[in-house]
Each structure stands twice: as C-alpha cells, then as structure tokens.
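Summary of structural features
So the chains spell out like this:
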Amino acid sequence: MARRGIGAAVGATVLLAVTNRVLYKLALVPMKGFPFFLAQVTTFGYVAVYFSILFLRYRAGIVTKEMLLLPKVYFVVIGVLEALGVAAGMSAGAMLPGPAIPILSQSFLVWQIIFSMLFLKKSYSLNQLCGCFLVISGVIVAITSGSDEGRFLSNVEFIWPMLMIASSAFQAGASILKEFIFIDGERRLKGKRPDIFVVNSFGSGFQALFVFLLLPFLSNLRGIRFGDLPAYLNDGASCFLNAGDDQVACDGAPFLPLLFITANMVFNISMLNLVKMSSAIVASLTSTLAVPISIYVLSLPLPYIPHGSRLSPSFVFGVSVLLLGLILYNLPKSAKQQKND
C-alpha cells in the first residue's frame, strides 16, 4: 500500500511538474511586458498558502513555538535570493523560446553543488561529480544546437540565457541556506529538525517583501525608470485583469496567469508531500522525469504559441546527455558513502 501511495504521488508530481513548466511559458504570453508584476502576484500567493498551512500545523501541534522563534536573519537572506531568482527568471523567460527554459534551469544542480561545497563543506561521490559534468555538457550542447532552423537562441540576446542561469544560481543559494537552517535548527531544537513549512513560510514572506522593495532596481533590467513604476504597475494590473484599452495584447489573461499560479502552488505542495512520503532523492528524480516531457510539449504548437519549434537531433542528444547526468547524480549512495557524509 505504501509503495502504491508513493507511486501515485510520483505520477501526480510528474504531471504537475510538466503542467507547471508549460503554464509558466503560456502565462508570459499575455504578461510578456509585465513579468515583475506577475512575480509579485505569484509571490504573495505563496505567502498566503504557506502561512495558512503553517497555522494549521501549529494548531495541530506539529509546529512548535520553538520552531517559530528560530533566528530570522537566515530567512531574510533566503527572501532576497528567491526574490532575485523569481524576478530574473520571469524576465528571462519572457524573452526565451519555450524549450530553452527547462534546459537552462537545470544549471540549478551545478550551482547547488558549488555552493554546498563552499558553504556546507560537503563532499560528493564520483558519480555525482560526473553527473554534474554531464549536466553542464548537456546544457552546452542543447543551447548551441536547437531547432532545424538553426540555433534556437541565435536571435536571442546573450543576456537572457545568462539571466536564466543567474536565476538558478540565486535559487540554488537559497536552497543551500535552507539546508543550513535545517542543520542549525536541529542543534537548536535538541535533535528535532524544523518543520519544512516554517522555512517555506518565513522564506516566502521575506521574498514577497524584497520583491516589492527591490522592484525599482529590478525594473531597470527591463528599462523601466523608477518614476514610471506606478504607471507600470497600473498597466500590469490592467493587463492581468484584461481590462485595459489594448485587450488584444493581453489575450489569455487573467485565465493563463491564474492557471499558472494555481498549478505552481499545487506543484510545490506536491513536491513537499513527496519528500515527506519518500525522500529528497525520489522528489529530485521525479522532477527530472518531467524535463524531457516538458521540452517536447513546449516545442509543439500550443494555444497562444501557435508556431512551436522543431527539435533537431543535436538538441535531442544534448537533452539526453543532460538527463543522463541528472540520473547519475541522483543514484543512491552506498551505506559507506552515507556514513562518510
């Protein structure tokens, strides 16, 4: 029964992961000119959901007062990193072709290994390091080949793929800091690790704050002056509601943005549930399984993205190398390796 439950959770999470990736690109069709506005709406949605769950878990006695009193400075840093990651990812995603987004996002693994070695003093097995190398190789092959019409990033400015990779770096840094909070919290709570919703709730709360506070700086990435921000936010709200004068440009709103926000929240909750039911390894492999499916779906003609893009053999080869690297990295450690960690 337990295996059936985990299998069902894995299947649901893969479906939600693909849906999330596809809707991410579709949501940016009507909101292409307002990625920062969409980032704020998404971020505040996280705050409401996570804190609601945290409150219920506190009432149930799962979350203790001691967990809520953990130092908040780490959550502040997490908030900054995740705010930068969301804003950078939204900005780059609006300018990149669909198949490029899940490929470039896999650089998260590379940054995660680098940061954990630097700040957590972790060591990695040979298969994990080889997997990391294959991920890098797969990304390079994929982004330098692309569609049958030539390199599918050939007409995209260099800053946009680099910004997507930077987004992964910010998010990887936040994930490593969360791991540190769990380790440090275990010491502070005398052997009991903090509840995951404590970390997510306070992290998302500060993320929402810094997305708002850093909006003038982040808007410069899109050439929006500080004095133009009020008009930009007003136009963003009008486009989100599809209530402005130019409703053709915002065709698909608010349905597509709201659909993405909902799917993204459900996906994150599903991933958390899978981690709770099984392990982080299973959750990571599940996310990996969604990568080739989402790439294929995003290359097809979709509503609001009718043209699509044909994938060349070299692109498929790059994706295959990337997936091989992810699988190699996620191979379970032996008992001896776990003991050495």
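Residues numbered from 1 in each chain as written. Predicted model: local features only at pLDDT ≥ 70, side-chain atom pairs only at ≥ 80, totals over all residues. Heavy atoms only, no water.

Let's talk about the overall build of the protein
Secondary structure summary: the protein contains 15 helices and two strands in total. Put simply, the protein has 341 residues, and 49% of those count as buried. Across the protein, every contact between residues at least 6 apart in sequence was considered, and the portion connecting residues at least 24 apart equals 83%. Just so you have it, the protein exposes about 16800 Å², and 67% of that area is on carbon and sulfur atoms. (Helix = DSSP H or I, 4+ residues; strand = E, 2+ residues; numbered from the N terminus. Buried < 20%, exposed > 50% of the residue type's maximum accessible area, 1.4 Å probe, protein only. Contact = heavy atoms within 4.5 Å. Areas by Shrake-Rupley, 256 points an atom, 1.4 Å probe, with all protein chains shown as cover.)

Structural notes on the environment of Thr286
Locating Thr286 in the fold gives a position in helix 13 (residues 280-299). For Thr286, a relative accessible area of 2% gives the class buried. Once the C-alpha coordinates of Thr286 and Leu15 are considered, the two residues, 271 residues apart in sequence, prove to be 9.8 Å apart. Setting aside chain neighbours within four positions, we find Thr286 in contact with Val10, Thr13, Val14 and Leu274.

Side note on the nonpolar core
Nonpolar side chains in soluble globular proteins generally cluster together in the buried interior. Residues Leu38, Met90 and Leu96 are the most contacted members of the largest nonpolar core, which totals 79 residues. Setting aside its immediate chain neighbours within four residues, Leu38 contacts Ala27, Leu28, Met31, Met90, Phe240, Pro257 and Ile261. (Core = buried A, V, L, I, M, F, W, Y, C linked by side-chain atoms within 4.5 Å.)

Here's the deal with the packing of helix 6 (residues 107-119) against helix 8 (residues 159-188)
Running from amino to carboxyl end, helix 6 crosses helix 8 at an angle of 45°, the nearest separation of the two axes being 8 Å. Comparing the axis directions of helix 6 and helix 8 gives the class oblique. As for the relative orientation of helix 6 and helix 8, their crossing is right-handed in sense. Where helix 6 approaches helix 8, its residues Ser107, Phe108, Trp111, Gln112, Phe115 and Ser116 are matched on the opposing element by Ile165, Ser168, Ala169, Gln171, Ala172, Gly173, Ser175 and Ile176. (Axes fitted to C-alpha atoms, helices over the stretch in contact; angles between N-to-C directions. Parallel < 35°, antiparallel > 145°, perpendicular 65-115°, else oblique. Left-handed = near helix turned anticlockwise from the far one by under 90°.)

Re helix 2 (residues 35-59)
For helix 2, with 25 residues, the first-to-last C-alpha span of 36 Å sits near the 36 Å given by 1.5 Å per residue. Looking one or two places after helix 2, you find Gly61, whose phi comes out positive at around 85°. (Expected span 1.5 Å × (residues − 1).)

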